Each structure stands twice: as structure tokens, then as C-alpha cells.
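Residues per chain, in single letters:
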Amino acid sequence: HRAGRDWLAARLETKLFHPAVLEEAKETLSRARAGGDSWLFGDGGLRGRPSIEECAEAYFVVAWMGRSAIAGTKGEESVGLALRYDAGGGDPVTRYRSAVESLEAWHQALRRCSFTREDVFDVLDRIRTKAPGADIGVYCDPPWPDDGDGYLHTFTTSQHARLAKELAELPHRVVMRFGDHPLIRQLYPETRWRWHYEEGKRQTNEARAEVFLVKDINEPTHP
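Read on for a plain summary of the structure. Keep in mind that what you see is a predicted model, and the values were worked out from it rather than measured.

Parameters at a glance
Residues numbered from 1 in each chain as written. Predicted model: local features only at pLDDT ≥ 70, side-chain atom pairs only at ≥ 80, totals over all residues. Heavy atoms only, no water. Core = buried A, V, L, I, M, F, W, Y, C linked by side-chain atoms within 4.5 Å. Buried < 20%, exposed > 50% of the residue type's maximum accessible area, 1.4 Å probe, protein only. Helix = DSSP H or I, 4+ residues; strand = E, 2+ residues; numbered from the N terminus. Contact = heavy atoms within 4.5 Å. Pairing = 2+ DSSP bridges. Axes fitted to C-alpha atoms, helices over the stretch in contact; angles between N-to-C directions. Parallel < 35°, antiparallel > 145°, perpendicular 65-115°, else oblique. Left-handed = near helix turned anticlockwise from the far one by under 90°. Nonpolar A, V, L, I, M, F, W, Y, C, P; charged D, E, K, R; others polar. Patch = residues over 30% accessible without salt bridge, like charges linked within 9 Å, V, L, I, M, F, W, Y side chains within 5 Å. Areas by Shrake-Rupley, 256 points an atom, 1.4 Å probe, with all protein chains shown as cover. Salt bridge = Lys/Arg side-chain N within 4 Å of Asp/Glu carboxyl O. Phe/Tyr/Trp six-rings, centres within 6.5 Å; stacked < 30°, edge-to-face > 60°.

**As for the nonpolar core**
Here comes step 1: L167, M176, Y188, W193 and L213 are the most contacted members of the largest nonpolar core, which has 25 residues in total.
Here comes step 2: Looking at this core, the elements with two or more residues in it are α6 (120-130), β1 (137-140), α7 (157-169), β2 (173-179), α8 (182-187), β3 (194-197) and β4 (210-215).
Here comes step 3: Top contributing element to this core by residue count: α7, with four residues.
Here comes step 4: With sequence-adjacent residues up to four places away left out, L167 is seen in contact with L124, V138, C140, V174, M176, Y188, W193 and K215.
Here comes step 5: Core analysis: the next-biggest nonpolar cluster, separate from the first, contains 19 residues, L12, V62, M65 and V100 among them.

Set out below in C-alpha cells:
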């Protein structure tokens, strides 16, 4: 809600981009996570655990002051401050400040969203049974092969294969975000899926290229 968003933005805006600030945030997350998944919802400070507002503040600091591509991985609580000693690659402080300024836009966008913590395959089963002919779309952004192995929640090769099969059989438009990888080329062949490369990237076999895969509505495919 707006009061919580304003509180969070005000707290984050005043923080220095400093190692001590990052260490304090990591310690807060560690205390919160000691209680299991309940840290996601906060408990108002019960048993000395941080509140939901304090958890949000700490996680934002860890994600945006820490080095890139660490959020959500096993190294999240040991991440170091993002620092650059040359002019290449942008300024980490500017990245952090820009993220704080974007909170208002995210607040407006997320107000229109519903959230669930269900298994993706259960969700797809509900779509098949409850909305077989509805004009809806499905967007999926699962962990990438290899690159996603460092995340806390990973995808096995068999899960990737199952996801590709179930999405291909859906009679709905499907959009996928992936890195260009041999497994993805096998599971989502260009003869059945439309591949759209990130702007500025050519259609090559470069493993790190980002692609969006599209299957149009009412055109189920069968890998």
C-alpha cells in the first residue's frame, strides 16, 4: 500500500552506498530467514524477527547494492558491495538510486497483479481444465539451463522437457524468455516456435544471447 511504499522509498533514499549498510541488510535477512518461509510475510517483530517492512528494506539493499546477478542465488547472503574502479559498465550507485526511483512505477504496475506460490505444473493444469478456450496468454521465465544452476530454486533437464511439452500442447499464446542454449534449441525448435532475439543481437549460436520464444494462439505444437 502507499504508506508502506512511501516508508520504504524514504528509508532507501537516505542510505549511503557503503559496505556497512550492505552488511547490516544481510544480517537482517539472515535473522528473518531463520524462521523459514515466514520471513516473506513478516511477523511484526515477534521473537526478535524483522517486520515485513524491514525485510523488504533489507532485501532491496542486498539486491541493488550487491553485485549483479546474485539476487536469488545461493551466494545472496555473502554478496559483496558492487564497486567499479574504472569507467566501464556504468556506476553501481546510479543503478541503486534508479532502482529506488522506480518504486512508484512498480507500485502502480504490481497493483494490477495477482500472486500465487503454486507449482508451475499445477498452474498449467488449471489453465488447461478451467480455461481451455479462453483468449489468454501465458508468459514463462524459468531458470535458464546452466546459468540458472546457481539459484536457490533450479530446474532439472527433465523439468525443462516437461515444461516444453506442456506449453507446446496449450491452445493459448505462450511467450518464453531464455538464453540461447543447445537444450532450448532442442526443446523449442524454430520450426515450431518463433524466436525473437534481444534488440541488437544477431541470430547466432552464441549461448548467452537472450531470446523470446513465441507460440501463437490456437497453434499447439508437439515436440
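**Details of the pairing of β4**
Here comes step 1: Counting buried positions over the six residues of β4 gives five, a clear majority of the element.
Here comes step 2: The sheet contact formed by β2 and β4 spans six bridges and is antiparallel. When the sheet's bridge partners are listed, R177 is paired in β4 with F212.
Here comes step 3: Strand direction decides the pairing type here: β3 and β4, joined by four bridges, are antiparallel. Residue pairing in the sheet places W195 in a bridge with L213 of β4.

**Brief notes about the packing of α6 against α7**
Here comes step 1: Between α6 and α7, whose axes approach to 11 Å, the crossing angle comes to 15°. In this view, α6 runs roughly parallel relative to α7, as classed from their interaxial angle. By crossing handedness, the relation of α6 to α7 is classed as left-handed. Along the contact surface, α6 presents V120, F121, L124 and R128, while α7 presents Q159, R162, L163, E166 and L167.
Here comes step 2: Looking at the contact of α6 with α7, its residues break down into five nonpolar, one polar and three charged.

**Regarding the sheet that holds β1**
Here comes step 1: In space, the four strands of this open sheet follow the order β1-β2-β4-β3, with mixed pairing throughout. Looking at strand neighbours, the two that pair on one side only are β1 and β3, the edges of this open sheet. In this sheet, adjacent strand axes meet at a mean angle of 20° when their direction is disregarded.
Here comes step 2: Where α7 meets the sheet, it contacts β1, β2 and β4, and its direction lies at approximately 155° from that of β2.

**Describing a nonpolar patch on the surface**
Here comes step 1: A contiguous nonpolar surface patch, about 380 Å² in accessible area, is contributed by W106, L110 and F115.
Here comes step 2: Position of W106 among the secondary structure elements: in helix α5 (residues 103-110).

**A closer look at the packing of aromatic side chains**
Here comes step 1: The tally for this structure, following the rule as stated, stands at seven aromatic pairs.
Here comes step 2: Between F121 and F155, the aromatic rings sit 6.4 Å apart at their centres with planes inclined by 15°, giving stacked as the arrangement. Separated by 34 residues along the polypeptide, F121 in helix α6 and F155 in the loop between β1 and α7 bring together distant segments of the chain. The same class applies to F121 and to F155, which are both buried.
Here comes step 3: Here F178 and Y188 contribute two aromatic rings whose centre-to-centre distance is 5.7 Å and whose plane-to-plane angle is 45°, an arrangement assigned as tilted.

**A closer look at the pattern of salt bridges**
Here comes step 1: Taken as a whole and judged by the stated rule, the model has 17 salt bridges.
Here comes step 2: Notably, a salt bridge pairs E76 with R33, separated by 2.6 Å at the nearest N-O pair. Taken as a pair, E76 in the loop between α3 (52-65) and α4 (92-101) and R33 in helix α2 (residues 19-33) lie far apart in primary sequence, 43 residues in all.
Here comes step 3: Its relative accessible area of 21% is what places R33 among the partly exposed residues.
Here comes step 4: The residue D141 makes a salt bridge to R177 at a minimum N-O spacing of 3.3 Å. Remark: R177 occurs in strand β2 and D141 occurs in the loop between β1 and α7; sequence separation between them is 36 residues.
Here comes step 5: Because the salt bridges share partners, they merge into one network encompassing D125, R128, R162 and E166.

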